[in-house]
Every structure is written in C-alpha cells, then in structure tokens.
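Observations on the three-dimensional arrangement
Okay, here's what each chain looks like letter by letter:
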Amino acid sequence: MAEGEADGKEKVLQALESPIFPEQRWNLIRRYMLDDGISNRFDVYVGPSSTQVNNQSLEMRFTWEEKFPYLQRYLESGPIDGYLTTTARQLSFYYQREDQLEKADEALRLASERYADSQYSSNKFELESERIKMFLKHADVEKARSLIDKAKEKLTQEDFHQIGALASLEAEVVIHERGLDEALDFTEKELEIYQQKYADEQRQFPDHLEGRPVALEQLESLKQHLESAVHQNSRGNTTVKGKVIRSDGKPVANAGVFLREEHSVHHSVFEDEPYQLVTDKEGNFEFSRVIPGSYQLYLGLNFDQIDGWTWPVQYDEWVEIDGQESETLEVTLHPLLELHGPVNQETVTTEEVKFAWEEVEGAASYDIHLSVNLESGSIGTTFKENVKGNQLTVSVEELYDQPVGIVFEDTEDWSSVDPVSILAFTNTENRFSWAVRAFDKNGEMITQSNGYRLDEETIGNLPFFYLKERELSEADQLFLDKKVEQAYQQYKEDYENDPNDRHSLRMIIRLIGAEASQSGHTRDEVALPYMIKWAEKSKSPEVAFDLAQHYYEKRAWKEYLYWYNRYVELNGGRSSDYVLGVHATALMKQGSLAQAKQAFNESLENDGGNRFIGSLLALELYDGESFEVVGKLAGKYPERVSSSGNTDWQGIIQEMSIEERKFDDYEKEIQQVLKLYFDDDHDRLNKWLETTNKPQLKQFLMALKETR
C-alpha cells in the first residue's frame, strides 16, 4: 500500500475483514482511511498566489465507496477518542456533497453524543461548531441560531476561548438577521471582551501560553472583513457557485474548492478556512452567504486529477464580492502543452538556440521562462514575453545576458553569494530548464508546459538542456570554488586586458549588484562606468532600466529619460506595468502631472498588485476630484503588494471625506501638502506632518510616502 501498488489496497481490505482484534481494525482505518478534514485530503493546492504540495507519497487512496462502510462502523462503535471527531467530520462532508444534509448532521450529532465524559468537552464543542458551520453553509440560519443559543447555555465565563469561537459564527447569523453594520458592532464588542479575557489569562499564566488563539485571529479577521465591506457600502451576502471541469467537458468530482480571504492567501490552506467544500459528481460547488470582499479561489486536487492537466490561473486573479445576490465562477483545467526542443538533456554548442513547442489552439502569444538548477532547488526568470508563433530562435549571448536573481548563503556577508545563481546561463557545468505559457488575445493564460506529469502517457519531453558554446574562464573557476574576492579581481583584470570581453564585464556588474543588494546601498560612482559600458553593449532591457533607476534616485532627469527610452526600445517598444509605474512617478516628480496620471492609469490596468494606486489618488485629489470619485477609484484598484498587510486606500479616503466637514480649508490644504510631496520638499513636508491637526490627511500622506 505504501509503495502505491494496487494489490496493497486489496490486502488492507482483506485484513479489515479478517478475524483480528478490534484495536487492530481501528488502527487500519485510522492509518489508511481517515483524512483530517479537506485541507489535508489533497496532494496539490493550486491558487493565484501559490501552489503547494501536501503529500508527495505514492501511497494509494481508498475511494469513498471503498472506505464508507468502515468509517460508518468507526462512527457507531469505534473508540471514543479524537479520531471519532475526524470520522464524523469526514462522513458529514461526504453526506453534504451528496445533498443529504440530515445524514450529515446526524453523523456529527451521533459522535457528539458518544463523548459523554467531560474530558472530551473540546471534541463535543468542535462537533457542535461543525454542525453550526454546516447549517450556515447551507443557508439554514434558523437552525444555526438555535444551535448557537444551546451551546452558549452550556458555557461559563471560563470558557471564553469557546465563546469567542462561537461569536465568529454568531456574527454570520447577525448579518442575516440585522445586516452588516449590526454584525460589525457585534463583532467589535465580542472582540473587546475576548481581548480582555485573554490579557487576564496571559497575566495569570505567562509561561503556559504559546501562539495566538485561533478564536482571537478569527474575530480579528472577521472584524477587518466586515469593516471593509461596510466601507464599500456593500448591500449584503452573496451566493458564489460554479463548476470545475476539464476542457474536454469532463467534470472534476471530489475536488476541494476554497474561497480564501485576501489576508489569508499568503499562507498554506488551513483546516479552519471559512469557505471550503468538495465538488459533487458533476463538478459543481456552491458557497452560501459570502461576506462582501476580495477573495482568491483555490483548488485542492489529487495527483490523478491533475496529472497531465493544469489550471491556468494567474497571480492577480481575484474574486470581488460586492453584495450582489449571486456570483458564478467557471474553473477549467487544460491539457499541458508539449515542448519540442531543446529537451531531454540536449547539449547546445552553437551560437543560436531554437526553442520550439506545441502550437496551442486559440493562443495569440507565448511567454518563455528559464530556470537554473541550484543545490536547494532552482531559480527562474521570464526570458521572453509576447512571442508570436510556436518557436523562437535567439543568440546564445542573449541567454548569457539573462540574470535570474541572487542567492546568498549568509545574509550578513555578500561574498557568501551562490556563484551558480550569478553565473546563471553562462555556467557550462550546470543544467537548465525552460517552460512556456500560452495566452489568448485578451492576455488570459490558456495553458502551460509546467505541471504534473506522472506516468508514461503524460510525461512528454523533459524540459532540460545544457549550454556548452563557451568555456569557463579562470575567473569562473575561482568563482565556482567560492573564492569570490579573487574571482572579482580576476574579472576586472580580464576586462582591463580586453575591453571586448563581454563576459568579464557582465560578471563585474553582477557582483557589484550582489554587493549592493546585500549592503542596502545604491551603486556608488565607482560602479557607474561599468554600468554604462555594459548597458551600451547589452541588449537586455533590464540592464537599461537598472541605469534608469540609478538616475531616478539621483533625480538626474535627463539621464533618466535617456535610459528609460533605451529600456522601452529594447523591450519591443513597450514597458512593463511596474516600470511604467516608476516612470509615472518620475513624471510626477518632474511636475508633468497630466502625463503622470495617464501613465499611472495605464500601469494599473494590468498590475495585479496595484502598487501605484496611492500616487494616482494623490494626483486626482490635487486636481480637485471629489472624495466620492477618488474613493471609487481606490475600490477599483485595491493595493495587493504585501503579504503582511496593504494600505486600505479606500478606507483612508472615506475617513478623509468625513474629516473634510470639520475644516473650511481642507481642499486647499490637500493641494498645498501634495505639492510639497510632488516637489520632494522633505523638510517642509515633515514639518507639516509634525504639526498638522488633520489626522486622516496625515495618514494619507504617511502612506503615500511609503509608496515608490
């Protein structure tokens, strides 16, 4: 069974039906048939922000038909322990998927009743909470309210952790009964009570507490979510439904579907995700009573469900729930595309490399991604974007010029840089890989070559190749031996002896960049001549943008504009969303406000992170636009840059609109202080921040200073 052999399942089933001791039978069920909730049931979790692998074992899984009678037996007569809770929850999920809600509730209720001993009070509470969640999920608010009230009757003030957990569930009931505003008031009061109780517990037992309680995090998260919904003037909850299918029309049954809140998408899928379910036999799913806000959809899939297929979801895909009655989502898996060459460990010794791949129906363009193998895994980069057709021939020098990033072994010492990451594609001793993504005419991804290929039918060509057109230099060997300072000096000597030595100049620039990134300082003037020479030789747009950034920091606008235009030229006449945002900021700092506004708008149209929304809001306010219009703009482009927290621009704008009513000169002061910001008049701006009596406007400026 552990080796993934089909006979293993049969042997486990035979053992379960043989005359063995009851405890042996229960152990077999625990070992092979129990999953602790749907967040631990799948091999792969795929979403816009991340992909994670939960179980890389080859161990085979029992189908529901195979394990159902044994789980039912465990529920009715198995040991009274924690596994009983797991069994009841798993059976309840199964019955819910089959639309048998009475049986789903009966499984949870029966397990709860079997926990007669007080030592299992936490298990009983977990099961009762699961019943409440089930009724809320299926929009039976009346039953949910009844169970909440009964649970509260059994709790004392000492059970404040459980009271806090119930409060999060009760808030959903309050939303239905009295609306979002009342639910926010309720949550704020319950959170305040809980925080006080928890503070008392911390003082009383300072050495016994580890980590923050789940109930506290749930209440804080709910409060934040409701505040956002209220700020957006959302009208109510939404039913979110959809279907998971393959492009050939076959439904994907028993797939996990997770509708994840904005603040949760940067960590792994957890057991207590508020919106989670499993698709039915037709691939359908439906979430009831979803609070307005921003979400990302994640799938949980087993290897056999995704083998040879991909869900072409992109990092900036969000589900915006605004209180409309319903929202429909379609999730379609597509076959992985095939690579034609270079593949299967091919060695390239020519001055050109031809990339070729399968043509995808409906594809208008392709992106090519390259990766370098490291001891710890790999590091990759986008090599070419917007490629027309299903092949591309490039000079090997273009691959040599392509950086992939910098890896350090010691965060305190720049000379601990991993030479493999810096040498990148110039390293003839390393193996490289590549991948392709296909996009339609609207820029939506159709499919890709990267994915899970687990058997002979789906494995296809392996995306690995070697570059051996050049030979490693003496400096390269020193660098690979991790003699970083010696290698650096050797590269400089080689370049001084031969000004046409592109490779040495390339490596000098990369090592200067490694040192600068580690020290946190901008490149000094000693490095600038090398940078200029390299930018003149290189056809890499990133190199030109590096110089543009250097002059941006210096506010040397003539030189900045030259290298920005050079970047655009080398990048096929266009600018990436991020670079365009930086350019818009440069225009703003030079006083070209109308041009800056246009560039910010263009950048935000395709930038999923909306990194420059604060600057655009500042320009609109400076031009005298109303808070209502600016607030809607902030809602259209919510900032999504940081995993640790983003600026709630819409909330700030709303608070500013309230603050404005208290002051006659508010609009005039906005223009005055924003002019200081545009002009980089730091002294006067800081003095204003220290003395202003307008806290909301101050908050806006403080947040603005943190943007690019």
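All figures in this text were calculated on a predicted structure; none of them were measured in a lab. (Residues numbered from 1 in each chain as written. Predicted model: local features only at pLDDT ≥ 70, side-chain atom pairs only at ≥ 80, totals over all residues. Heavy atoms only, no water.)

1. Here's the deal with helix H24 (residues 649-660)
In an α-helix there are 3.6 residues to a turn, and that puts residues three or four apart on one side. Given a rise of 1.5 Å per residue, twelve residues ought to cover 16 Å, and the 16 Å separating the end C-alpha atoms of H24 matches this to within 8%. Every buried residue of H24 is accounted for by Trp 649, Gln 650, Gly 651, Ile 652, Ile 653, Met 656, Ser 657 and Glu 659. Those residues of H24 that are buried lie in contact with helix H10 (214-231), helix H22 (613-622), helix H23 (627-636), helix H25 (666-678) and helix H27 (695-705). (Helix = DSSP H or I, 4+ residues; strand = E, 2+ residues; numbered from the N terminus. Expected span 1.5 Å × (residues − 1). Buried < 20%, exposed > 50% of the residue type's maximum accessible area, 1.4 Å probe, protein only. Contact = heavy atoms within 4.5 Å.)

2. Side note on the sheet that holds strand S10 (residues 326-335)
Read across the sheet, four strands follow the order S6-S3-S10-S8 without closing on themselves; strand pairing throughout is mixed. Looking at strand neighbours, the two that pair on one side only are strand S6 (284-290) and strand S8 (309-310), the edges of this open sheet. Summarising the sheet, S8 and S10 pair through two bridges and their orientation is antiparallel. Bridge pairing links Thr 310 to His 334 in S10. (Pairing = 2+ DSSP bridges.)

3. A few points about helix H3 (residues 64-77)
Its 14 residues give H3 an end-to-end C-alpha distance of 19 Å, which sits within 8% of 20 Å, the value for a rise of 1.5 Å per residue. Within H3, burial applies to Trp 64, Lys 67, Tyr 70, Leu 71, Gln 72, Tyr 74 and Leu 75.

4. Observations concerning a negative patch on the surface
On the surface, Asp 410, Asp 413, Glu 485 and Glu 515 cluster together into a patch of negative charge. Its place among the elements puts Asp 413 in the loop between helix H12 (396-400) and helix H13 (419-423). Residue classification places Asp 413 among the partly exposed positions, given a relative accessible area of 31%. (Patch = residues over 30% accessible without salt bridge, like charges linked within 9 Å, V, L, I, M, F, W, Y side chains within 5 Å. Areas by Shrake-Rupley, 256 points an atom, 1.4 Å probe, with all protein chains shown as cover. Salt bridge = Lys/Arg side-chain N within 4 Å of Asp/Glu carboxyl O. Lys, Arg positive; Asp, Glu negative; His and termini not counted. Charge placed at Lys NZ, Arg CZ, Asp CG, Glu CD.)

5. Brief notes about the packing of aromatic side chains
Applying the stated criterion across every chain yields a total of 36 aromatic pairs. With 5.7 Å between their ring centres and 45° between their planes, Phe 303 and Tyr 452 make a pair best called tilted. Residue Phe 303 is found in helix H11 (residues 303-306), and its partner Tyr 452 is found in the loop between strand S18 (445-448) and strand S19 (464-467); the two are separated by 149 residues along the sequence. The rings of Phe 545, Tyr 552, Trp 557, Tyr 560, Tyr 564, Tyr 567, Tyr 578, Phe 600 and Phe 612 are connected pair by pair, giving a single aromatic cluster. Over the face of the ring belonging to Phe 383 we find Lys 384, whose NZ or CZ atom lies 5.3 Å from the ring centre. (Phe/Tyr/Trp six-rings, centres within 6.5 Å; stacked < 30°, edge-to-face > 60°. Lys NZ or Arg CZ within 6 Å of the ring centre and 35° of its normal.)

6. Section: the environment of Ser 395
Looking at the secondary structure, you find Ser 395 in strand S16 (residues 391-395). In sequence terms Ser 395 and Lys 133 are 262 residues apart; their C-alpha atoms lie 59 Å from each other. Residues within four places of Ser 395 in sequence aside, it is in contact with Glu 351 and Glu 352.

7. Side note on the pattern of salt bridges
The full count for this structure, using the stated rule, is 39 salt bridges. The partner of Arg 131 in a salt bridge is Asp 105, with the nearest N and O atoms 2.6 Å apart. Pair noted here: Arg 131 is in helix H6 (residues 121-137) and Asp 105 is in helix H5 (residues 101-114), with a separation of 26 residues, a long-range link. Asp 105 shares its class with Arg 131; the two are buried.

Purely spatial values, then, with no claim about function.
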